[in-house]
Each structure stands twice: as structure tokens, then as C-alpha cells.
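The residues making up each chain are set out below.
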Amino acid sequence: MRISARADYAVRAALLLAGAEGAEPMKAEAIADAQEIPHKFLEGILNDMRRGGLVVSQRGIRGGYRLARPGAEISVADVVRAVEGPLVSVRGVRPPELAYSGPAESLLPLWVALRANVRHILEGVSLADIAAGRLPGFVHALAQDPAAWSNP
């Protein structure tokens, strides 16, 4: 599985907005500068997030972006889906829509299990959790396994 730059930038921008809840809207330029994200690339990401109902934009001198709802109500999965689509796909197809035969038949449950685990983690962590530095226990447990940090 690969997390694209687009998904990484979207989550980082959303986290910055989560940390600024209740403040004035943030300009795209300020978000881009703070997170070292190419400004034009970020504009497209913010538009996708706006269309996905995660951020709202305001025009004018005091304009900018802010989260559409509290960070505690927005999961990492919500952000990734807004900019990338489904969390897990195989050749662009969602696992339940696949069919295999012969020795590859057992591959389908593997892809479904992978998707279930990715969903469990990304849906189980909110922007507020990350912004506050308090990841859920199950995430800490997975990350504390030394094997999780190595690249076989």
C-alpha cells in the first residue's frame, strides 16, 4: 500500500486547520508555507476537500479555509477518501467487486482483510486525536512493534 503525496498533504493541511479551530480562516498560502506544500497543488487538494464537505472556504480579506465540522468528527479516512477515493482498491477496483479463480481464489479474502484493517486504523483516528498528540491505544500498540519500523 502506498500513501500518495496528495493524501499526505491533505492530511497535513487538515491537521493544521484542526489546530486552528475557532480562529480566523487560514489562507491557502499560509497552509502551504507552514507545511511546505506546493501552493498550486494544495489549492486542488483544498477544492477536493471542500467538495467532500470537509472544509469550507470564505472569500475576501478575512477569507481562507477552515474545517466544516470539528476535527474530532473528521477521521483520517475521511480526508484520504476526499482526495483519493476508496482507501483500498486493486487495479482501481474495490475488492468486493473482484473475482478470482483457481489458485488465486483465496486472494480475494486477503484483499478484503487488508481493506478492513486499513479502514479500522484510518477511521479510528480523528484529526483532533493527531493534533492533540493522543493517538488511540491500538495505533500505539501497532507502532511500538519494532518490526513495524523496518522495511523487509
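Look up: the structure comes first, before these words.
Model, not experiment: these values are computed from the prediction. (Residues numbered from 1 in each chain as written. Predicted model: local features only at pLDDT ≥ 70, side-chain atom pairs only at ≥ 80, totals over all residues. Heavy atoms only, no water.)

Participant: Quick question: what am I supposed to make of the pattern of salt bridges here?
Facilitator: Any two side chains of opposite charge can pair if their charged atoms end up close together. Inspection of the entire model under this criterion finds 7 salt bridges. R6 is the salt-bridge partner of D48, the closest N and O atoms lying 2.3 Å from each other. Of this pair, D48 sits in helix 3 (residues 39–51) while R6 is found in helix 1 (residues 5–19), placing the two residues 42 residues apart along the sequence. Bridged by salt links that share partners, the residues R6, D48 and R51 form one connected network. (Salt bridge = Lys/Arg side-chain N within 4 Å of Asp/Glu carboxyl O. Helix = DSSP H or I, 4+ residues; strand = E, 2+ residues; numbered from the N terminus.)

Participant: Please explain the packing of aromatic side chains as it appears in this structure.
Facilitator: Here the structure, examined in full by the defined rule, presents 1 aromatic pair. Measuring from centroid to centroid gives 5.6 Å for Y9 and F41, while their planes differ by 80 degrees, and the two rings are edge-to-face. Separated by 32 residues along the polypeptide, Y9 in helix 1 and F41 in helix 3 bring together distant segments of the chain. Residue classification places F41 among the partly exposed positions, given a relative accessible area of 32%. (Phe/Tyr/Trp six-rings, centres within 6.5 Å; stacked < 30°, edge-to-face > 60°. Buried < 20%, exposed > 50% of the residue type's maximum accessible area, 1.4 Å probe, protein only.)

Participant: How do you make sense of the pairing of strand 2 (residues 64–67) when you look at a structure like this?
Facilitator: On a regular strand, each side chain points to the face opposite its neighbour's, so the side chains alternate between the two faces of the sheet. Pairing analysis gives 4 bridges linking strand 1 (residues 55–58) to strand 2, with the strands arranged antiparallel. Its bridge partner being in strand 2, Q58 is matched across the sheet by G64. From the end of strand 1 to the start of strand 2, which pair antiparallel, there are 5 residues, and G60 there has a positive phi angle of about 105 degrees. (Pairing = 2+ DSSP bridges.)

Participant: Just to check I follow, could you spell out helix 4 (residues 76–84) for this structure?
Facilitator: Since the α-helix advances by 3.6 residues per turn, residues separated by three or four positions end up pointing in the same direction. Buried within helix 4 are the following residues: V76, A77, V79, V80 and V83. Summarising the axial view, the buried residues of helix 4 lie within an arc of 160 degrees, below the 170-degree limit, and thus occupy one face. (Arc of directions from axis to C-beta.)

Participant: Mind showing me how you'd approach the nonpolar core here?
Facilitator: Across soluble globular proteins, nonpolar side chains have a tendency to be buried as a group. Core analysis: the biggest nonpolar cluster contains 35 residues, and L42, M49 and V79 have the highest contact counts within it. Counting residues per element, the ones that place at least two in this core are helix 1, helix 2 (28–35), helix 3, strand 2, helix 4 and helix 5 (107–123). Residue contributions to this core peak at 8 residues, all from helix 1. (Core = buried A, V, L, I, M, F, W, Y, C linked by side-chain atoms within 4.5 Å.)

Participant: What's the story with helix 3 in this structure? I'm lost.
Facilitator: Between the first and last C-alpha of helix 3 there are 18 Å, a value that for 13 residues agrees with the 18 Å anticipated at 1.5 Å per step. Every buried residue belonging to helix 3 is among L42, I45, L46, D48 and M49, and all of these are buried. The arc that holds every buried residue of helix 3, seen down its axis, measures 160 degrees, which confines them to one face. What points out from helix 3, more than 90 degrees from its buried face, is the exposed set K40 and R51. Contact partners of the buried residues in helix 3: helix 1, helix 2, strand 1, strand 2 and helix 4. Residue G53 follows helix 3 closely and has a positive phi angle near 80 degrees. (Expected span 1.5 Å × (residues − 1). Contact = heavy atoms within 4.5 Å.)

Participant: In this structure, what is going on with the packing of helix 1 against helix 3? I would like to understand it.
Facilitator: When two helices pack together, their arrangement is given by the angle between the helix axes and by the axis-to-axis distance. Relative orientation of the contacting elements helix 1 and helix 3 amounts to 75 degrees, with a least axis distance of 10 Å. On the basis of the axis angle, helix 1 is roughly perpendicular to helix 3. Within the contact between the two elements, helix 1 uses A5, R6, Y9, A10, A13 and A14 and helix 3 uses F41, L42, G44, I45, D48 and M49. Considering only residue class, the contact of helix 1 with helix 3 consists of 9 nonpolar, 1 polar and 2 charged. (Axes fitted to C-alpha atoms, helices over the stretch in contact; angles between N-to-C directions. Parallel < 35°, antiparallel > 145°, perpendicular 65-115°, else oblique. Nonpolar A, V, L, I, M, F, W, Y, C, P; charged D, E, K, R; others polar.)

Participant: What exactly am I supposed to notice about unusual backbone geometry here?
Facilitator: Trans is the common state for peptide bonds, and a negative phi is the common state for residues other than glycine. The backbone of E36 sits at a positive phi, close to 55 degrees, despite the residue not being glycine. Within the secondary structure, E36 is located in the loop between helix 2 and helix 3. The exposure class of E36 is exposed, given its relative accessible area of 69%. Of note in the backbone geometry, R91 takes a positive phi value of approximately 55 degrees without being a glycine. In this fold, R91 is placed in the loop between helix 4 and helix 5.

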